[in-house]
Amino acid sequence: MEKEFNPSLQFDAFTAGIEEGGLRSSSSITIIVCYILANCKEKITERNIIDALVDGKIANYFEISSAIGKLVKKGYITQSDEGYLKINADCKFLVEIVENDLPLTIREKSIELVSKFAAMDINKKENKVTIEKDENGYKITLHVSDIDSDFMVLTLNVKTETQAQVIKEKFQQNPAGVYENLMNSIFE
């Protein structure tokens, strides 16, 4: 009699840093990586997947890194020169067969978090932020860009580097929202 596949029954993964309900088997972590790549519309990097699953306390950093490495080595996923991951037909087929072995909440949370991290990466690449120390504290310059030119540059002065870093992080999470709020404030 053939043993039925069920990743939740094989608790063979490191669990440091994951929450109750997180992935505790190497096979389920491998499946979630394939699932993410099969279902995310954004361009995804290895860093996006690792950061999202660790931040969401879904899986252990080392287990995710190992799963991605094995999938690349076996040819199930490839990495472009820009660092974006892409799955092949075999990996897509694997996802179709076993995706329901992963809890729906884990699947949804994973897609949501990876999409968020991928969007933040794009925002960081397209919308530059510079922080310079001056005699009054720190000058932070925010650039809202469209392809290859800035359509808004905003410079703020703050007292501490911590304040500058917080502004940088908040801006890079949603530069379009910052621009929209500023425009609404000016024209209302």
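Read on for an overview of the structure. All values derive from a computational prediction rather than experimental measurement.

What counts and what doesn't
Residues numbered from 1 in each chain as written. Predicted model: local features only at pLDDT ≥ 70, side-chain atom pairs only at ≥ 80, totals over all residues. Heavy atoms only, no water. Disulfide = S-S within 2.5 Å. Helix = DSSP H or I, 4+ residues; strand = E, 2+ residues; numbered from the N terminus. Patch = residues over 30% accessible without salt bridge, like charges linked within 9 Å, V, L, I, M, F, W, Y side chains within 5 Å. Areas by Shrake-Rupley, 256 points an atom, 1.4 Å probe, with all protein chains shown as cover. Salt bridge = Lys/Arg side-chain N within 4 Å of Asp/Glu carboxyl O. Buried < 20%, exposed > 50% of the residue type's maximum accessible area, 1.4 Å probe, protein only. Contact = heavy atoms within 4.5 Å. Core = buried A, V, L, I, M, F, W, Y, C linked by side-chain atoms within 4.5 Å.

### Regarding the state of the cysteines
Inference 1: For the structure shown, the criterion picks out one disulfide.
Inference 2: Each sulfur of the disulfide joining Cys34 and Cys91 lies 2.2 Å from the other. Judged by the sign of its S-S torsion, about -110 degrees, the bond between Cys34 and Cys91 is left-handed. With Cys34 in helix 1 (residues 26–39) and Cys91 in helix 4 (residues 89–98), this residue pair connects regions lying 57 residues apart in the sequence.

### So, a nonpolar patch on the surface
Inference 1: Taken together, the side chains of Val54, Tyr61 and Phe62 make up a nonpolar region of the molecular surface, amounting to roughly 290 Å² of accessible area.
Inference 2: Within the element layout of this structure, Val54 appears in helix 2 (residues 46–55).

### A few points about the environment of Cys34
Inference 1: Among the residues examined, Cys34 registers a relative accessible area of 0% and is labelled buried.
Inference 2: Sequence-wise, Cys34 and Asn88 are 54 residues apart; in three dimensions their C-alpha atoms are separated by 9.5 Å.
Inference 3: Aside from chain neighbours lying at most four places away, what touches Cys34 is Leu71, Ile87, Cys91, Leu94 and Val95.

### A word on the nonpolar core
Inference 1: Within the largest apolar cluster, 34 residues are counted, with the highest numbers of intra-cluster contacts made by Ile32 and Ile49.
Inference 2: At eight residues, helix 1 tops the list of elements feeding residues into this core.
Inference 3: Among all residues touching Ile49, those that are not within four sequence positions of it are Val33, Ile36, Leu37, Ile44, Ile64, Ile68, Leu85 and Val114.
Inference 4: Membership of the second largest hydrophobic core comes to nine residues, among which are Leu142, Val144, Val158 and Phe171.

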